[in-house]
Amino acid sequence: MGRYEVSKCAPQYALRYLSEAWKRCFAKISGVPKFKKKGRDDGFTLDGSISVGFNRIKLPRIGWIKTYEILPDNVTPKSVTISRKANRWFISFKVETIPQITEKSVDIVGVDLGVKNLATLSTGEVFPGAKPYRELEAKLSREQYLNRHKSKLSNNWKKAQLKIAGLHRKMANIRKDTLHKLTTYLALNHSQIVIEDLNVSGMMANHSYVACNVAKAVADIGFYEFRRQLEYKCELYGSKLTIVDRWFPSSKTCSRCGTESRVSVVIRARNQIANTAILAVTGT
């Protein structure tokens, strides 16, 4: 691609994303934006004249690109984002959708997130977490161990880096698949969903031996991604999401008499369903 053939959309969207990152930083939602490193999380966004075919898509300045998967019919994307994960390139669409109000089987439900189980509902349902990092940790450690003495930027080093990146991509895909299935189920079948405002960054900040294992487990579950998906899916399917204050003592409060008392971790684990019922009542 020549010097003057690059689409103007790519740098424009890069500046927009930078602006959003600084706004999140000033609002104390996230940290200071970091410079993108070439070769890591490569991607760009385009808009304009975009045509979607059976298994190909036409992009501005680039032309027709063949895809491995069949693309949806009758879709006019507002913009597309092309990104690279390990040695594969992916394309995602941004389209306008109309909220789909669905019939709900349950009026209100409390959701208690945890490390042992991904979610425990006040209805008694329990959803186990996928925990992909725990399953692939040994394989990832071996690949990193074999890569320790390879010359940086050599062909063997690049091949090893692709293997490591492929494992990270696999773990992320398993985690997102589990979260998408759970959040879609909640938003489709429940009128009001109540969750706690968890201090995820605080859980990840402690690096002592015991807390490090907890932080690893929290990162493997994906609490922040769960809330992010649930927020936009509740708007899409006509559900209401209620966030309970993080300082509310749901695990220490008796679900019958409402008395607050100090209990052991074992009793808290046994009373997960009762705790989520308290969340549901609190949400009202």
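Data block above holds the structure.
Fair warning: this is a prediction, and the values are worked out from it, not measured in the lab.

Draft legend 1. Summary view of the sheet that holds strand β2 (residues 51-52). Overall, antiparallel pairing links the three strands, which are arranged β2-β3-β4 in an open sheet. Sheet topology places β2 and β4 (63-66) at the edges, where each strand pairs with a single neighbour.

Draft legend 2. Examining unusual backbone geometry more closely. Look at Lys28: it is not a glycine, yet its phi comes out positive at around 60°. Relative to the elements of secondary structure, Lys28 occurs in the loop between α1 (9-26) and β1 (43-47). For Lys131, which is not glycine, the phi torsion reads 55° and is therefore positive.

Draft legend 3. The pattern of salt bridges, seen in detail. Counting across every chain of the model gives eight salt bridges. The residue Arg84 makes a salt bridge to Asp42 at a minimum N-O spacing of 3.3 Å. With Arg84 in strand β5 (residues 79-85) and Asp42 in the loop between α1 and β1, the pair connects residues that are 42 residues apart, well separated along the chain. Looking at Arg84, the relative accessible area reads 22%, which means it is partly exposed. Between Glu231 and Arg227 there is a salt bridge, with its nearest N and O atoms 3.2 Å apart. Pair noted here: Glu231 and Arg227 are both in helix α6 (residues 223-237), with a separation of four residues, about one helical turn. What emerges from the salt-bridge pattern is a single network uniting Asp197, Arg227 and Glu231.

Draft legend 4. Representation of the packing of helix α3 (residues 155-189) against α6 in the model. Where α3 meets α6, the axes come as close as 9 Å, and the angle between the chain directions of the two elements is 35°. The crossing of α3 and α6 is right-handed. Contact residues: Lys176, Leu179, His180, Leu182, Thr183, Thr184, Leu186, Ala187 and Leu188 in α3; Glu225, Phe226, Gln229, Leu230, Tyr232, Lys233, Cys234 and Tyr237 in α6. Split into classes, the residues belonging to the contact of α3 with α6 amount to ten nonpolar, four polar and three charged.

Cut-offs and rules
Residues numbered from 1 in each chain as written. Predicted model: local features only at pLDDT ≥ 70, side-chain atom pairs only at ≥ 80, totals over all residues. Heavy atoms only, no water. Pairing = 2+ DSSP bridges. Helix = DSSP H or I, 4+ residues; strand = E, 2+ residues; numbered from the N terminus. Salt bridge = Lys/Arg side-chain N within 4 Å of Asp/Glu carboxyl O. Buried < 20%, exposed > 50% of the residue type's maximum accessible area, 1.4 Å probe, protein only. Axes fitted to C-alpha atoms, helices over the stretch in contact; angles between N-to-C directions. Left-handed = near helix turned anticlockwise from the far one by under 90°. Contact = heavy atoms within 4.5 Å. Nonpolar A, V, L, I, M, F, W, Y, C, P; charged D, E, K, R; others polar.

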